Amino acid sequence: MSALSLSSLPARVKVCEMGPLDGLQNESGVVATADKIRYIDLLSASGLAVIETTSFVRPDAIPQLTDAEGVMAGIERRPGVTYLCLVPNMRGFERARAAGVNAIAVFTAASEAFTKRNINMTIDESLATFREVVKAARAEGWWVRGYISTAFGCPYQGAVPVEDVVRVANALAEMGVDEISIGDTIGVGTPNQVVDVAGALQAQMPVERLAMHFHDTRGTALANVVAALQMNVAIFDSSSGGLGGCPYAPGATGNLATEDLLYMLHGMGIETGVDLDAVRAASRFISGALGRDVASRAYRALEAAAARG
């Protein structure tokens, strides 16, 4: 990899906030709907472009997400913010439409073993299900995002070939997904892998359609962001406070923290349009609601500095 040249990096990055869904769904205790609404409203005030808000999964599948309709009815929808909702099938699509949703995400993986364990489908079966959902969403004029998990490694099969990631990404692109998020679900990725995956994908589709979703399980998330920036990727997923641990690595920090990402990007002179202090306020609120501290190192350092005056 060439030496880091700030002038060659994207001037602006879009940050997609994962906290309200991906962050909270792993919490053992159910978070009150009112607290979720307040958390999302605080995040909305920060300037974030995209907030992953809730999921219209079967109510008994994930207890944390049984209040999707209530959350969508309660939040203040600010102009310029995309409130993204996960929709696994047509039944979820109909619930989302009734709730006034206009941006959805579908979720599959690059690992056959993972899709079988996670959603009890093969990759091709999941894509067939999503094809109908995406077609219906496009007919409504909705914005559609696709997630590909285990793109850098799988807890069941180990290494995941780059060509498998490319195959799934091409399938999502062909069905009309606007943006594709490439996920390091268990936080095993390293910068050289990021270069390989991003390079292979950019040979197939415009880089403007690609986002990266890193976990910090092994402390490599920010290094992976820098590698992706060098590959001209300018869309990144993160979770305020670092909410959302990795279920396959107990005690791991999981999602890249939004505060850590913003602190680094702003320090590099890369614009995001996001107010770091406002994100901290959202993390401070949800930390209180959860009754525990959050994992973000930038959050903790900035809070400590503020306390010292």
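The structure under discussion appears in the preceding block.
Scoring rules and cut-offs
- Residues numbered from 1 in each chain as written.
- Predicted model: local features only at pLDDT ≥ 70, side-chain atom pairs only at ≥ 80, totals over all residues.
- Heavy atoms only, no water.
- Helix = DSSP H or I, 4+ residues; strand = E, 2+ residues; numbered from the N terminus.
- Rg over C-alpha atoms; globule rule 2.2 N^0.38 Å.
- Contact = heavy atoms within 4.5 Å.
- Core = buried A, V, L, I, M, F, W, Y, C linked by side-chain atoms within 4.5 Å.
- Buried < 20%, exposed > 50% of the residue type's maximum accessible area, 1.4 Å probe, protein only.
- Polar contact = N/O pair within 3.5 Å; in protein donor to acceptor, adjacent residues only side chain to side chain.
- Pairing = 2+ DSSP bridges.
- Right-handed = clockwise from strand over helix to strand, strands pointing away.
- Salt bridge = Lys/Arg side-chain N within 4 Å of Asp/Glu carboxyl O.

1. Let's talk about the overall build of the protein
Then, in step 1: Scanning the protein from N- to C-terminus turns up twelve helices and eight strands.
Then, in step 2: A compact globule built from 309 residues would reach a C-alpha radius of gyration of about 19 Å, and the protein, at 18 Å, matches this within 12%.
Then, in step 3: In terms of principal-axis extent, the alpha carbons of the protein reach across some 55 × 50 × 35 Å.
Then, in step 4: Considering only contacts in the protein between residues 6 or more positions apart, those separated by 24 or more positions represent 75%.

2. Things to note about the nonpolar core
Then, in step 1: Core analysis: the biggest nonpolar cluster contains 88 residues, and Leu 172, Ile 180, Ile 182, Met 212, Phe 214, Leu 229 and Phe 236 have the highest contact counts within it.
Then, in step 2: Core analysis: the second largest hydrophobic core is formed by 13 residues, Met 18, Val 57, Leu 65 and Ala 105 among them.

3. Some remarks on the environment of Asn 170
Then, in step 1: Residue position: Asn 170 is located in helix H7 (residues 162-174).
Then, in step 2: Residues Asn 170 and Gln 204, spaced 34 residues apart in sequence, show a C-alpha to C-alpha distance of 7.4 Å.
Then, in step 3: The contacts of Asn 170, once residues within four sequence positions are left out, are Gln 204 and Met 205.

4. Quick notes on unusual backbone geometry
Then, in step 1: Positive phi, close to 55°, is recorded for Asn 120, a residue that is not glycine.
Then, in step 2: Tracing the chain through its elements places Asn 120 in the loop between helix H5 (112-119) and helix H6 (123-140).
Then, in step 3: Positive phi, normally seen in glycine, also occurs at Thr 150, with a value near 50°.
Then, in step 4: For Thr 150, the location among the structural elements is in the loop between strand E5 (143-149) and H7.

5. A closer look at H5
Then, in step 1: Of the residues flanking the start of H5, the one acting as N-cap is Ser 111, its side-chain oxygen 3.4 Å from the backbone nitrogen of Ala 113.
Then, in step 2: One or two positions beyond H5, positive phi appears at Asn 120, with a value near 55°.

6. Some remarks on the pairing of strand E2 (residues 50-55)
Then, in step 1: Counting buried positions over the six residues of E2 gives six, a clear majority of the element.
Then, in step 2: Where strand E1 (residues 14-17) meets E2, two bridges bridge the pair, whose relative direction is parallel. Looking across to E2, one finds that Cys 16 is bridged to Val 50.
Then, in step 3: Across five bridges, E2 lies against strand E3 (residues 82-86) in parallel orientation. Counted as the bridge partner of Thr 54 is Cys 85 from E3.
Then, in step 4: On the question of chirality, the crossover connecting E2 to the parallel E3 by way of helix H3 (residues 68-74) is right-handed.

7. A closer look at the pattern of salt bridges
Then, in step 1: Across all of its chains, the model carries 16 salt bridges by this definition.
Then, in step 2: For Arg 280, the salt bridge is made with Asp 277, and the minimal N-O distance between the two is 2.9 Å. Residue Arg 280 and its partner Asp 277 are both found in helix H11 (residues 276-290); the two are separated by three residues, about one turn of the helix.
Then, in step 3: Given a relative accessible area of 9%, Arg 280 falls into the buried group.
Then, in step 4: The class of Asp 277 is partly exposed, set by a relative accessible area of 48%.
Then, in step 5: A cluster of three or more residues bridged by salt bridges with shared partners is formed by Lys 14, Arg 145, Glu 179 and Asp 237.

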